[in-house]
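Tertiary structure, described
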Amino acid sequence: MRDDVPVMTFIPSKSFLKYFKGSYNRSGKCGYVLVKTVKEHAYVKDIYTFVKQSKLMESLPKHENVVALLGISEEEMPIYSYHEYVECLTLRNYMLRNYQSSGLSASSSFTRNSRDSRGNNITIELYEFAEDVASGMCFLISQNFKHPALSLRKVLLSNSGQCKLYDIWPEEMSSDRIRHLLQRKDPPLAWMAPECIFLGQYHLNTDVWSYGVFMWELFSFGETPFKNMSTFEIEKEVRNSRNLPMPPNCPGAIFNLMLSSWNKDAEKRPHFDNILKQLSCLLQNLQHENYNQREVDEIQERNSQQYHKYFTLESPSTDR
C-alpha cells in the first residue's frame, strides 16, 4: 500500500506516533487516508506496541461507527499503518464550533424542540451522536476491543454527521494502555473509572464509566468535566463518589443513564447493549414528537397565511 500513497502531509502530534494525511491513487480511485508510524526517537517498546496493535486490528471487521484500518506496510522501515480518513473535526471541536461559538453553553436555556442556526433539532442531534458512539462501543466489546478513556476528543465526525471512534485498543493491550495514561503528566482522570485510577484494573464495564462522562460532555455542549481541578482534586471527587452535576438542559432519562454508568461497582453498571436499546427507544420517541410538532407548526403557518390573506385591512385612502 506504500506505493499507492506517494504524497503525505505531516499532522503535528504530541504522542510517540507521527501522523500524515496521505493522498492515494489506486485503480483510478483517488482519495485520502490517515497514515500512522512511530517517531524517530521512539523506544523499542513503543515500536513493538504500535506493530502489535496494528496487527491485532487487522482482524477487526469494518463498522460504520469505527475508523477502519485499511492496511499495514511493514516490508521496509518505517512501518506504516493506513486508516480511513475522516474529513470533519473531532466531536468536541464540532460542539465548541457549532454550539458554544453560537452562544449556546451548558447554562443556556432551550427546549426539546429548539433548533440550531442550521435548523437542526438540538436534542435529536445530541441523541443521535450518543447512539452512534454506543453502537460503536457495542461492536468493539463484541470483538474484544476497548476504548480507554473514551471522550468527545476520541470521536471523529464525518461530513454526513456520523460519529466514528478512533484510538481503540485490543482487550489484551488495554490494561497496559491505562497504565501508560496514568503515567502521563496530565492523566485523563476525569474520564477514568475508579478501578482504573486506584487499582490499575480494567473491567468489562470500565468503558461504560467513560461513556457516562462522554455523555456529560455532549449534553454540556463540550464543557470539560471537573474543569480547573487538579489531579489530586479529581481523585478526591471520584474517591468520595461526588459525581458530575446534571447539565442544566439535560433530559432526566439521559442523566439517569449517566448516574447508572458511574456506579462504583463495575458489575452493576449497564452493558452497552442495554444503553444502546434505551437510547434508540428515547430517540425514536423524540423523533416522533418532533415530526408531530412540525406538522402542527405547518398547519398553524398555513392558517396564519390564510387569515392574513382574507382579513388584511386596506390602508386608508388619501384621496379627497
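Structure: see above.
Here's a quick rundown of the structure. (Residues numbered from 1 in each chain as written. Predicted model: local features only at pLDDT ≥ 70, side-chain atom pairs only at ≥ 80, totals over all residues. Heavy atoms only, no water.)

1. Focus: helix 8 (residues 252-261)
Within the sequence span of helix 8, burial applies to Ile-254, Phe-255, Leu-257, Met-258 and Ser-261. Relative to the axis of helix 8, the buried residues are bounded by an arc of 155° and lie together on one face. (Buried < 20%, exposed > 50% of the residue type's maximum accessible area, 1.4 Å probe, protein only. Helix = DSSP H or I, 4+ residues; strand = E, 2+ residues; numbered from the N terminus. Arc of directions from axis to C-beta.)

2. A few points about the packing of helix 3 (residues 122-142) against helix 6 (residues 206-219)
Viewed as axis vectors pointing N to C, helix 3 and helix 6 meet at an angle of 165°, and their least axial separation amounts to 10 Å. The orientation of helix 3 with respect to helix 6, classified from their angle, is roughly antiparallel. When the axes of helix 3 and helix 6 are compared, the crossing they make is right-handed. In this structure, helix 3 contributes Leu-126, Tyr-127, Phe-129, Ala-130, Glu-131, Val-133, Ala-134, Met-137 and Ile-141 to the contact, and helix 6 contributes Asp-207, Tyr-211, Phe-214, Met-215, Leu-218 and Phe-219. (Axes fitted to C-alpha atoms, helices over the stretch in contact; angles between N-to-C directions. Parallel < 35°, antiparallel > 145°, perpendicular 65-115°, else oblique. Left-handed = near helix turned anticlockwise from the far one by under 90°. Contact = heavy atoms within 4.5 Å.)

3. Concerning the sheet that holds strand 5 (residues 80-84)
Spatially, 5 strands are ordered 1-2-3-5-4 in an open sheet, and the strand pairing comes out antiparallel. Edge strands, defined here as strands with exactly one partner in the open sheet, are strand 1 (7-11) and strand 4 (69-73). Between one strand and the next, the sheet's axes are offset by a mean angle of 30°, whatever the strand orientation. (Pairing = 2+ DSSP bridges.)

4. Concerning unusual backbone geometry
Omega for the bond connecting Met-77 with Pro-78 falls within 30 degrees of zero, at -5°, which places this linkage in the cis form. Locating Pro-78 in the fold gives a position in the loop between strand 4 and strand 5.

5. Some details on empty space enclosed by the protein
For the coordinates displayed, the defined rule picks out 1 cavity of 30 Å³ or more. Here the largest cavity defines a volume of roughly 90 Å³. Leu-189, Ala-190, Met-192, Trp-209, Val-213, Phe-226, Glu-237, Val-238, Arg-242, Asn-243, Leu-244 and Trp-262 are the residues that line the largest cavity. Listing elements by their share of the lining of the largest cavity, those giving two or more residues are helix 6 and helix 7 (231-239). For the lining of the largest cavity, a count of residues per class yields 9 nonpolar, 1 polar and 2 charged. (1 Å grid on protein atoms, 1.4 Å probe; cavity = no way out; pocket = protein on both sides within 12 Å on 5 of 7 lines; lining within 4 Å. Points joined across faces, edges and corners; volume = space filled by probe spheres on them. Nonpolar A, V, L, I, M, F, W, Y, C, P; charged D, E, K, R; others polar.)

6. Focus on the side chain of Asp-207
Here Asp-207 lies in helix 6. Here Asp-207 sits buried without a salt bridge, and the closest side chain of opposite charge, Lys-146, lies 5.2 Å off (N-O distance). (Lys, Arg positive; Asp, Glu negative; His and termini not counted. Salt bridge = Lys/Arg side-chain N within 4 Å of Asp/Glu carboxyl O.)

7. What about the environment of Arg-97?
In this fold, Arg-97 is placed in helix 2 (residues 91-98). Classification of Arg-97 as partly exposed rests on a relative accessible area of 47%. Between the C-alpha atom of Arg-97 and that of Gly-222, which follows or precedes it by 125 residues, the distance is 9.5 Å.

8. Some thoughts on the nonpolar core
Taken as a class, soluble globular proteins show a tendency for nonpolar side chains to be buried jointly. Residues Leu-91, Met-95, Tyr-211, Phe-214 and Leu-218 are the most contacted members of the largest nonpolar core, which totals 72 residues. Sort the elements by how many residues they give to this core and helix 3 lands first, with 12 residues. Val-5, Val-33, Val-35 and Tyr-82 belong to the second-largest nonpolar core, a separate cluster that totals 6 residues. (Core = buried A, V, L, I, M, F, W, Y, C linked by side-chain atoms within 4.5 Å.)

9. Re the pattern of salt bridges
A full pass over the atoms with the stated rule returns 10 salt bridges. The partner of Glu-74 in a salt bridge is Lys-55, and the shortest N-O contact between them spans 2.4 Å. With Glu-74 in the loop between strand 4 and strand 5 and Lys-55 in helix 1 (residues 44-57), this residue pair connects regions lying 19 residues apart in the sequence. In this structure Lys-55 comes out as partly exposed when scored by relative accessible area, which is 38%. Several salt bridges converge on common partners, so that one network encompasses Lys-154, Asp-167 and Arg-177.

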